[in-house]
Amino acid sequence: MSDNYWEKRAIDIESLTQERADVDIMHVNKLFDGAIEIIEKQIDEIFDKYARDSGLTQDSALKLLNEKQTDTLRRNLMTTLAQCQEEVARQAILARLNAPAYAARISRLEALKDLVHAQAYKVGSAAHYRLTDRLIDTYEQSYYRSIYDQQRRSETGFDFTKLADRDVQAAIATKWAGSNYSDRIWKNTKKLAESLEDVITQGLMTGQSIRDMELALEARVVSERYKINRIIRTEVNHCCNQGTLMSYKAAGTLRYIYLATLDMRTSSICRSLDKEVFFVSKAKVGVNFPPMHPNCRSTTMAYPEDGILPKERTARDPETNKNIHVPFDMSYAQWYRKYVLEKKDVDNHQESVRIKKIELPPETDNIKGMSQETKQAICDAFDKVKEEYNVSINNMELESLGNGNERVPFQYVPKNIGGFLKYRLVINTDYDFNGSLDAFSARIMRNHNNGFLSSENVEDLIAHEMAHILTFQDCDTFGVFTRVEEEVREKFIKGVSAYADSTYDGAETIAEAFVKYRKGERLPDNVMSLLEKYVLKKEY
């Protein structure tokens, strides 16, 4: 056997379960995409007589939304109900169908909100159903694989308890950090339903254009999709490690070694626990046993009481992003010092050398509706904001941002290159720039006037994306970026703009606030504090 065989076996179990969880995440994400398509289709059908970009007056919206139409939308709810396998979701949809309003013909607004509610619970039902099966499989596989590995390592057979179905069900339903996986899924589903209904109500009653309302819905879905994905990954890690812990108890193992992943994404708490040895009887999730935090990837390994430890362990080379073998006694801190700090060279710094003027690629002319005046306005805005705030970026790139992002002209795109953070400012090749600078500017101003965006012009849009770069440009590694991104996301403050509010993301709060700050608008103290900390970099 290789020198790092047993440590590799422990890591492989966690990796295998996460790979299987990825399949479930892909399935749930497709349901998110399908839900937003169904909702937007229904909105389009209701408002097909109106200009998509012009919006509606409040009187027009009220008149249209109060028209009675029950049959079609009721059938939609019945179809969604039939597709839900989880009882919680079915009861939530039935509560709407059995409401007194359905005895008569309800308003289009209420029926549309019912459809939104049902689609959210359809996604939640699928996530709950698939996650339940995944956690059962994960717990059993982790338990038996770990028992097998411990028997092979000790070269002795020992009696162990076979898992009963009721014990597995009880194990995955056990509450940790205040709740269990089922609680978290349904709590997130309820929040998704309420937040999408809120977008519908606010958008229609304030005269927001249908296009902007759909953009807000998509942004809200992106935020909630991330949360459900995080629940799936974290719960799978929890059940994998709980199965392993149960095997330690069954095998009479006294101690375990905490194993953090040796790469740039590892959190500070997992770094500090790496290679620490704890008693099995003292294992406590979130204290000395994984998961320590959402999206945790750490695992454990039985500590050999004979003192014979593996000679090697697996790590990730930040430059090549490939697995390498390092001495088993190398801690995370030692790995980081050797493979990150000592390998940084002049090339990594030269890439952020600032140039003064930008030239867009010639292919920019091929983007629909792109005029020479618009190109010049983009270049001027880029150079101006970059110079004013010392932004570490040299150019803009052209790229399709994919389905669902056709209404996004520019976007900050972070990328993991061998463990280091590389960021780009992208012009969306799928965007229609309206044929002239005046028309494009008028489109931006409409979004500003209805309260959706802080931006009034091209320069403001560029400043918004530059704010994202400024927020994260001190994160030299991708691991640091992911931690700061999570920290910033939780700093969300409501009220800066409708767009920022639709995302529940502190990064968008900061970017929209930065646009207002540059225009001299007064910001609330708590918002200004965020701006000073993450963008203006003022010391406290």
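Before any of the text, the structure's been laid out above.
Residues numbered from 1 in each chain as written. Predicted model: local features only at pLDDT ≥ 70, side-chain atom pairs only at ≥ 80, totals over all residues. Heavy atoms only, no water.

(A) Region of interest: the nonpolar core. In this structure, I378, M396, F410, F433, M466 and L531 are the most contacted members of the largest nonpolar core, which totals 107 residues. Broken down by element, this core gets its largest block of residues, 13 residues, from helix α5 (residues 108–154). Filtering out sequence-adjacent residues up to four positions away, I378 remains in contact with L360, M370, M396, F410, F433, V458 and I462. One finds L245, F278, F289 and M292 within the second-largest nonpolar core, a separate group that totals 13 residues. (Core = buried A, V, L, I, M, F, W, Y, C linked by side-chain atoms within 4.5 Å. Buried < 20%, exposed > 50% of the residue type's maximum accessible area, 1.4 Å probe, protein only. Helix = DSSP H or I, 4+ residues; strand = E, 2+ residues; numbered from the N terminus. Contact = heavy atoms within 4.5 Å.)

(B) How the structure looks around helix α17 (residues 506–518). If you check α17, its first and last C-alpha atoms are 18 Å apart, about what 13 residues at 1.5 Å a residue would give, namely 18 Å. In terms of residue burial, α17 counts as a mostly covered element, since twelve of its 13 residues are buried. When we look at burial in α17, the residues that qualify are G506, A507, E508, T509, I510, A511, E512, A513, F514, V515, K516 and R518. The inward-facing, buried residues of α17 abut α12 (372–389), α14 (458–472), α15 (478–489), α16 (498–503) and α18 (525–534). Following α17 by one or two positions, G520 adopts a phi angle in the positive range, close to 80°. (Expected span 1.5 Å × (residues − 1).)

(C) Structural context of the packing of aromatic side chains. Taken as a whole and judged by the stated rule, the model has 16 aromatic pairs. Arranged with centres 5.0 Å apart and planes meeting at 75°, the rings of F472 and F481 form a pair that is edge-to-face. Each of the two residues, F472 as well as F481, counts as buried. One aromatic cluster is present, built from ring pairs that chain together Y248, Y256, F278 and F289. Above the plane of the ring of W176 lies R184, whose end atom (NZ or CZ) is 4.5 Å from the centre. Across from the ring centre of Y504, 5.3 Å away, lies the NZ or CZ of K191, which sits over that ring. (Phe/Tyr/Trp six-rings, centres within 6.5 Å; stacked < 30°, edge-to-face > 60°. Lys NZ or Arg CZ within 6 Å of the ring centre and 35° of its normal.)

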